[in-house]
Amino acid sequence: YNLYASGWSPIFNQEFHTRANSIYDAYAWYYYYTIAGNANTILANIDNAEGTEAERDFVKASALTFRAYAFEKLVHYYCWRWQDSNNGASQGIVLRLDESTGGQGYATLAETYAQIYKDLDEAIMLFEQSGMDRNASQVWMPNINVAHAIYARAALTKQDYTKALTEAKLARQNYPLMSNAEYHAGFCNPTSEWIFGSFGSSQENNWYWSYGTQYACNGYYASTQQTGAGSIGRELINRIPNDDARKALFLTEDKFPGYNFNDGSAMDLGYGILGMGDDEKKADALWEEAAAYCQKMAVSGLEAPYQAGYMYLGGQLKFYVFDTPGVSYLPFIRSSEMVLVEAEANYFLNDETAARAALVELNATSGRNPEYTCDKSGEALWNEIMDYRELELWGEGFAWSDYKRWNRDIVRHLSLIHI
């Protein structure tokens, strides 16, 4: 949030991570083991289910993919980085592979990755053997592309870059990068590049606990409260060219020339609220311009963004909902991510030419920024890959685990940050 009660500060500033008695540390554990447990129940009973062998193979492959997905996510939250694990000798997760509920020790991290790889190898074989695929609109169901994508993620995190590269290329087959029009359509319905996502119908509404309620620019909180809907980092977005189609989805300084965003005249410096500076005339004018920009970028057919009237520097116009208070589909895996996996994997395989080509494909060939070129190398190229990963996947659940995986400090400057 851009603005929140002080009691939330320890959570947002991640001060709970080493508190063994805090439920905030347990949410991900329970959630992903629920997925794994459901998958284990299917796997324990699928051989006796009615239906064709092809159908059984497809369901079993889907369950294995779900379990691998859950295990791979648990590694991000609860395990050491691979590079700090003594080649996988450090503690991994509990590899619950059946319907048992008794105590069970931790596997090593190497054993954990071996199980993820094993589940995905078997899933891919069964998907191929079944000859079946999900309905194209059912992004919440795994298929062979989802299995390849999870494989690419796991291999990247394990620094198995050759495997990550191979799997990423397979994952995005038949999932072309979306157009700019699709990119600006609210990120609440699947597009051509959604490999895996949530079920989004209002018939399974999570109400006030949904992502859309909390963080959509036209969700409940942005429409009724001062909290905003999340903002991109000022330093990151200012490194992105102004003509980039993705930058159009953020209330950035280039949209409002003529204002000083550092002296407090037109913007509140404590929270970054546009139109709440010390100079009433300038503040009112900036508010009007920000409101007009939000109206210009509003998605046709959906409720308008920021109806509460609070807009923040860097505020996003990326995520919308199509039903109250926060109903929408959410992307879990997109083919854009797989292109970025290719860029990162190639970089660490010392193939900088291929890494640059992946960035050009993501940014120029896709139309996100047709003028984009890349001639960078070394650390400058690595920074470019990280910047565009942060930009492309902003708000989709990657930054925390990426910074951990990269062993990169999170630096928060006090301007526009309230502690």
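Since we're looking at a predicted model, the values are computed, not measured.

Criteria and cut-off values
Residues numbered from 1 in each chain as written. Predicted model: local features only at pLDDT ≥ 70, side-chain atom pairs only at ≥ 80, totals over all residues. Heavy atoms only, no water. Helix = DSSP H or I, 4+ residues; strand = E, 2+ residues; numbered from the N terminus. Rg over C-alpha atoms; globule rule 2.2 N^0.38 Å. Buried < 20%, exposed > 50% of the residue type's maximum accessible area, 1.4 Å probe, protein only. Axes fitted to C-alpha atoms, helices over the stretch in contact; angles between N-to-C directions. Parallel < 35°, antiparallel > 145°, perpendicular 65-115°, else oblique. Left-handed = near helix turned anticlockwise from the far one by under 90°. Contact = heavy atoms within 4.5 Å. Nonpolar A, V, L, I, M, F, W, Y, C, P; charged D, E, K, R; others polar. Salt bridge = Lys/Arg side-chain N within 4 Å of Asp/Glu carboxyl O. 1 Å grid on protein atoms, 1.4 Å probe; cavity = no way out; pocket = protein on both sides within 12 Å on 5 of 7 lines; lining within 4 Å. Points joined across faces, edges and corners; volume = space filled by probe spheres on them. Polar contact = N/O pair within 3.5 Å; in protein donor to acceptor, adjacent residues only side chain to side chain. Phe/Tyr/Trp six-rings, centres within 6.5 Å; stacked < 30°, edge-to-face > 60°. Lys NZ or Arg CZ within 6 Å of the ring centre and 35° of its normal.

Trainee: Which residues make up the overall build of the protein chain, and what values do they have?
Mentor: When its secondary structure is counted, the protein chain shows 15 helices and four strands. The C-alpha radius of gyration computed for the protein chain amounts to 22 Å, which stays within 12% of the reference 22 Å derived for 419 residues, consistent with globular compactness. Counting only C-alpha atoms, the protein chain reaches 70 × 45 × 40 Å along its principal axes. Here the protein chain holds 419 residues, and the buried ones make up 51% of them.

Trainee: Just give me the short version of unusual backbone geometry, but keep the residues and values in it.
Mentor: Put simply, threonine 324 and proline 325 share a cis peptide bond, and its omega is -10°. Here proline 325 is to be found in the loop between helix H11 (280–297) and strand S4 (331–334). For asparagine 86, which is not glycine, the phi dihedral falls at a positive 60°. Positionally, asparagine 86 belongs in the loop between helix H3 (53–78) and helix H4 (109–130).

Trainee: Mind laying out the packing of helix H12 (residues 335–348) against helix H14 (residues 378–392), listing which residues take part and the relevant values?
Mentor: Two elements in contact, H12 and H14, have axes separated by 10 Å at closest approach and are oriented at 165°. Judged by the inter-axis angle, H12 sits roughly antiparallel to H14. For the crossing formed where H12 meets H14, the hand is left-handed. The segment H12 lies against H14, with Ser336, Glu337, Leu340, Val341, Ala343, Glu344, Tyr347 and Phe348 engaging Gly378, Glu379, Leu381, Trp382, Ile385, Tyr388, Arg389 and Glu392. Classifying every residue of the contact of H12 with H14 gives nine nonpolar, two polar and five charged.

Trainee: Break down the pattern of salt bridges for me, with residues and values.
Mentor: For the coordinates displayed, the defined rule picks out 27 salt bridges. A salt bridge links glutamate 342 to arginine 172; its shortest N-O distance comes to 2.7 Å. Of this pair, glutamate 342 sits in helix H12 while arginine 172 sits in the loop between helix H6 (161–171) and helix H7 (180–183), and the two are 170 residues apart along the sequence. Judged by its relative accessible area of 4%, glutamate 342 falls in the buried class. Aspartate 254 is the partner of lysine 247 in a salt bridge, and the nearest nitrogen-oxygen pair spans 3.8 Å. Under the relative-accessibility criterion, lysine 247 is labelled buried at 1%. In the salt-bridge network here, residues are joined through shared partners; they are Glu193, Asp244, Arg246, Lys318, Arg334, Arg368, Glu392 and Glu396.

Trainee: Any chance you could break down empty space enclosed by the protein for me, citing the residues and the numbers?
Mentor: The full count for this structure, using the stated rule, is two cavities of 30 Å³ or more. One number sums up the size of the largest cavity: a volume of about 100 Å³. Per element, the largest residue contribution to the lining of the largest cavity is three residues, and it comes from helix H15 (residues 399–406). A breakdown of the residues in the lining of the largest cavity according to their chemical character gives five nonpolar, four polar and three charged.

Trainee: Any chance you could break down the side chain of serine 198 for me, citing the residues and the numbers?
Mentor: Mapping serine 198 onto the fold places it in the loop between strand S1 (194–197) and helix H8 (211–215). On the accessibility criterion, serine 198 (13% relative accessible area) is buried. A polar contact is formed between the side chain of serine 198 and the backbone nitrogen of leucine 330, at a distance of 2.8 Å. Filtering out sequence-adjacent residues up to four positions away, serine 198 remains in contact with Val139, Trp140, Ser328, Tyr329, Leu330 and Phe332.

Trainee: Could you give an account of the packing of aromatic side chains, with specific residues and numbers?
Mentor: Taken as a whole and assessed by the stated rule, the structure comprises 36 aromatic pairs. Look at tryptophan 29 and tyrosine 78: their rings are 5.1 Å apart centre to centre, the planes differ by 90°, and that puts the pair in the edge-to-face class. Within this pair, whereas tryptophan 29 is found in helix H2 (residues 27–45), its partner tyrosine 78 is found in helix H3, the two being separated by 49 residues in sequence. Tryptophan 29 gets classed as partly exposed once you look at its relative accessible area, which sits at 24%. Residue placement shows lysine 158 over the ring face of tryptophan 82; its charged tip is 4.7 Å from the ring centre.

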